[in-house]
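So the chains spell out like this:
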Amino acid sequence: MFSKQTYIERRKVLREKVGSGVILLLGNSESPMNYADNTYHFRQDSTFLYYTGIQHPELALVIDCESGKEILIGDNYTIDDIVWMGQQPTIEQRALEVGISSTADTNTLGSIVLNAVKGERRVHFLPPYRPDNKIKLMDLLKIHPMQLNNSASVELIMAIVSQRNIKTAEEIIEIEKAVNTTVEMHLAAMRMVRPGITEAQVAAEVTRIAQAQNGNLSFPVIATINGQTLHNHYHGNTVVDGKLFLLDCGAETSMGYAGDMSSTFPTGKKFTTEQKEIYNIALSAHEKAISMLAPGVAFKDIHLATAKVITEGMKSMGFMRGNTNDAVAAGAHAMFFPCGLGHMMGLDVHDMEDLGEVFVGYDGSEKSKQFGLKSLRLGRPLEAGNVLTIEPGIYFIPDLIDKWRAEGHNAEFLNFDKIDLYRNFGGCRNEEDFLITSDGARLLGKPLPKTVADVETERAKAF
Ligand code: GLY
Ligand code: MN
């Protein structure tokens, strides 16, 4: 937990930005796997965590913007709970630890909200993403769950985004811890993958490293010889020679901050010529993106510049043709690069995605609907203090190849005969995490090998 002052200050800024009404923040509850008492790992809601630092289920926070009164709502453990779960700080102790002066039992939340509504005060709440919080909000506010997203407070969302988008020095230290653990996870995989090992063994080892830091994973591990599937969570294959192994994984610190990196390396000792050629195109796109990172530069422009590097490279290998700018404007490069260049990262691996990408990544303005660009989570001009990922990739997705070929989609720019020869290639991406500084950007964490030579040197340790 950060100091009490950090949380007091964060809530004060929030209250002043929202200005009027009552802010209602719901923490997360335990989430059952197969029966009520057998739960998934508890993860606090990130916004609740940001303003309270409290990692305990079934809490709510009410902030009166006008009076400044703050109430932490939750129930103390009974002796029955203590027998099974151990002694815990009381709600009052938890509140005092982070500078909240009032507490109340859960059964008072209804009347607190009702009084606000009766007094014609706006109740600001966030779009809920868990079913139990949807039910709580439905009960409290009499809004159907399907309508809750539309009724959520845009003022509250924008105020939170403006705070959480700019990381403070103490947050950067925590994020960098997560990134350094993430680097260790990738190095371990680079040193253990060889033909005969299973994807599941690699996934288990990187999970162990994240959890051994008293933290966790920041998202489900992608450890696969089928990197063409962007979020491939299947770990049932045995590694064979001649493929690319794609690892995308990240650690989360005990305070909830995320790292997120990807690496791609040959399953054998060396890249094949074809793998090296494609990998180097993706790597040039990656370096181009890094060279453009600076405050004031729109991330969408960096994404498009990256797409142009990929298009040029794919043209040089005969996969694409025509004018590069026209090809990128038409979205033809999305055959190989169908996703976004990167995303914000912080307490969430895709930071604040629950609040709405349009608010987090586009300042409230509309996102492109074009295939490829529609998956770009961040488009707006960068600011010092932003933390984000850079993760361009090149993928040969058989279903996409077949679909576009059958439809003649972007046929002007794509050489389908040549592309088809690579339909079993797989995919590659590198991913690193950056802090935007006042005059550019800084890589977070220790560098991971990413040139062909450096990756092959690291891979030699596996044999
Ligand atoms: N590393 C997973 C993702 O960014 O979607
Ligand atoms: Mn990512």
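Quick summary incoming for the structure in this document. Just so you know, these numbers come straight off a predicted model, no measurement behind them. Residue numbering note: each chain is counted from 1, following its sequence as written. Note on labels: chains are lettered from A, ligands numbered from 1, in written order. pLDDT decides what is reported in this predicted model: residues at 70 or higher carry local features, side-chain atom pairs at 80 or more are listed and counted, and totals for whole chains, interfaces and linings draw on all residues regardless. Excluded from the side-chain calculations are hydrogens and water; all other atoms, namely the structure's heavy atoms, are used.

1. With respect to helix 5 (residues 109-118)
So, step 1. Burial classes: relative accessible area under 20% of the type maximum marks a residue as buried, over 50% as exposed, and values in between as partly exposed (1.4 Å probe, protein chains only). Where helices and strands are cited, they refer to DSSP runs of H or I of at least four residues and of E of at least two residues respectively, numbered from the N terminus. Taken residue by residue, helix 5 has Leu-109, Val-113 and Ala-116 as its buried positions. For helix 5, the buried positions fall inside an angular range of 60° around the axis, keeping them on one side. Exposed side chains of helix 5 directed beyond 90 degrees from the buried face belong to Asn-115 and Lys-118.
So, step 2. Note on contacts: a residue pair is in contact if any heavy atoms of the two residues lie within 4.5 Å. Those residues of helix 5 hidden inside the fold are in contact with strand 1 (22-26), strand 4 (60-64), strand 5 (70-73), strand 7 (123-124) and helix 6 (131-141).
So, step 3. One or two steps after helix 5, the chain reaches Glu-120, where phi turns positive at roughly 55°. This arc describes the spread of directions from the helix axis toward the C-beta atoms.

2. Details of the coordination of the manganese ion (ligand 2)
So, step 1. With water excluded from the atoms, a metal site may look incomplete; its donors are any N, O or S atoms within 2.8 Å, or within 3.2 Å for Na, K and Ca. Coordination of the manganese ion (ligand 2) by the protein involves Asp-260 (OD), His-343 (NE2), Glu-391 (OE) and Glu-431 (OE), with metal-donor separations of 2.1 to 2.2 Å.
So, step 2. For the manganese ion (ligand 2), the donor residues sit on a single chain with the sequence spacing D-x82-H-x47-E-x39-E. Taken together, the residues span a long stretch of sequence, with Asp-260 in the loop between strand 11 (251-252) and strand 12 (261-266) and Glu-431 in the loop between strand 15 (427-429) and strand 16 (432-436) at a distance of 171 residues. Comparing Asp-260 with Glu-431 shows no difference in burial state: the two are buried.

3. Digging into empty space enclosed by the protein
A probe as big as a water molecule, rolled over the atoms, marks out the empty space that is left.
So, step 1. Think of a 1 Å grid over just the protein atoms. A cavity is a set of points where a 1.4 Å probe fits yet cannot get out, a pocket is an open set with protein on both sides within 12 Å along at least five of seven lines, and lining residues have an atom within 4 Å of a point. Grid points are joined across faces, edges and corners, and a volume is the space filled by probe spheres set on the points. A full pass over the atoms with the stated rule returns 4 cavities of 30 Å³ or more.
So, step 2. Empty space within the largest cavity amounts to approximately 150 Å³.
So, step 3. Lining the largest cavity we find 14 residues, and of these Leu-26, Leu-126, Pro-127, Pro-128 and Asn-133 sit closest to its centre.
So, step 4. Those elements that provide at least two residues to the lining of the largest cavity are strand 1 and helix 6.
So, step 5. If one sorts the elements of the lining of the largest cavity by residue count, strand 1 sits on top with 3 residues.
So, step 6. Note that Gly is not counted as nonpolar here; it falls among the polar residues with everything else outside the nonpolar set of Ala, Val, Leu, Ile, Met, Phe, Trp, Tyr, Cys and Pro and the charged set of Asp, Glu, Lys and Arg. In terms of residue class, the lining of the largest cavity is made up of 9 nonpolar, 2 polar and 3 charged.

4. Topic: the pairing of strand 12
So, step 1. Where burial is concerned, most of strand 12 is hidden: 6 out of the 6 residues are buried.
So, step 2. The alternating pattern of strand 12 places Met-261, Ser-263 and Phe-265 and Ser-262, Thr-264 and Pro-266 on opposite faces, both of which are buried.
So, step 3. Pairing between two strands requires that DSSP report at least two bridges joining them. Bridging between strand 10 (residues 244-249) and strand 12 involves 6 bridges; their strand directions are antiparallel. What sits directly across from Leu-246, in strand 12, is Thr-264.

5. A look at the layout of surface pockets
So, step 1. Empty space within the largest pocket amounts to approximately 920 Å³.
So, step 2. When the residues that make up the lining of the largest pocket are grouped by side-chain class, the tally is 13 nonpolar, 14 polar and 14 charged.
So, step 3. Approximately 630 Å³ is the volume found for the second largest pocket.
So, step 4. Looking at the second largest pocket, it is lined by 27 residues, and the ones nearest its centre are Glu-30, His-56, Pro-57, Glu-58 and Tyr-77.
So, step 5. Of all the elements in the fold, those that place two or more residues in the lining of the second largest pocket are helix 3 (79-85) and helix 6.
So, step 6. Of the residues forming the lining of the second largest pocket, the biggest block, 4 residues, is contributed by helix 3.

6. Digging into the state of the cysteines
So, step 1. Sulfur atoms of two cysteines make up a disulfide when they are within 2.5 Å. Under the counting rule described, the total for this entry stands at 0 disulfides.
So, step 2. Cys-249 forms no disulfide, and the closest cysteine sulfur to it belongs to Cys-428, at a distance of 17 Å.
So, step 3. Note on Cys-339: no disulfide assigned, nearest cysteine sulfur contributed by Cys-428 at a separation of 11 Å.

7. Considering the environment of Gln-370
So, step 1. Counting through the fold element by element, Gln-370 comes out in the loop between helix 14 (357-361) and strand 13 (387-390).
So, step 2. Sequence separation of Gln-370 and Ala-329 is 41 residues, and the distance between their C-alpha atoms is 9.7 Å.
So, step 3. In contact with Gln-370, other than residues within four places in its own chain, are Val-328, Ala-329, Ala-330 and Gly-331.
So, step 4. Polar contact is defined as a pair of N or O atoms within 3.5 Å, subject to the rule that within protein one atom must be able to donate a hydrogen and the other to accept it, and that residues adjacent in sequence are counted only when both atoms are side-chain atoms. A polar contact is formed between the side chain of Gln-370 and the backbone oxygen of Ala-330, at a distance of 3.4 Å.

8. Details of the pairing of strand 13
So, step 1. Side chains of strand 13 alternate between two faces, with Val-387 and Thr-389 and Leu-388 and Ile-390 buried alike.
So, step 2. Judged from the 4 bridges that link them, strand 13 and strand 16 form a sheet pairing that is antiparallel. Residue pairing for strand 16: Leu-388 is matched across the bridge by Phe-434.

9. Comments concerning unusual backbone geometry
So, step 1. Its identity is not glycine, yet Glu-120 carries a phi of approximately 55°, on the positive side.
So, step 2. Considering the arrangement of structural elements, one finds Glu-120 in the loop between helix 5 and strand 7.
So, step 3. Note on Glu-120: relative accessible area 75%, which makes it exposed.
So, step 4. If you check the backbone angles, Asn-214 has positive phi at about 65° while not being a glycine.
So, step 5. Tracing the backbone shows Asn-214 in the loop between helix 10 (199-212) and strand 8 (216-217).

10. Some points on the sheet that holds strand 17 (residues 441-443)
So, step 1. Read from one edge of the open sheet, 3 strands run 13-16-17, paired in antiparallel fashion. Every interior strand has two partners, whereas the edge strands, strand 13 and strand 17, have only one. Between one strand axis and the next, the sheet turns by 35° as a mean value, whatever way the strands run. Only the contacting stretch of a helix is used when fitting its axis, a line to C-alpha atoms as for every element, and angles between N-to-C directions run 0 to 180 degrees.

11. Overview of the site of ligand 1
So, step 1. The rule for a residue being near a molecule or strand is that one of its heavy atoms must lie within 4 Å of it. Around ligand 1 sit Phe-219, His-231, Asp-248, Asp-260, His-343, His-350, Glu-391 and Glu-431, and those are all the residues in its vicinity.
So, step 2. Residue Asp-260 places a side-chain N or O atom 2.8 Å away from a nitrogen atom belonging to ligand 1.
So, step 3. In this structure, His-343 approaches ligand 1 through a side-chain N or O atom, which is 2.9 Å from an oxygen atom.
So, step 4. Per-residue accessibility takes into account occlusion by the displayed protein chains alone, with areas from the Shrake-Rupley method and a 1.4 Å probe. When the free accessible area of ligand 1 is taken as 200 Å², the share hidden by the protein chains comes to 95%.
So, step 5. By definition, a pocket or cavity contains a molecule when more than half of the molecule's atoms lie within 2 Å of the pocket's grid points. Applying the majority rule of atoms within 2 Å of the grid points places ligand 1 in the largest pocket.
So, step 6. Looking at side-chain class alone, the shell around ligand 1 contains 1 nonpolar, 3 polar and 4 charged residues.

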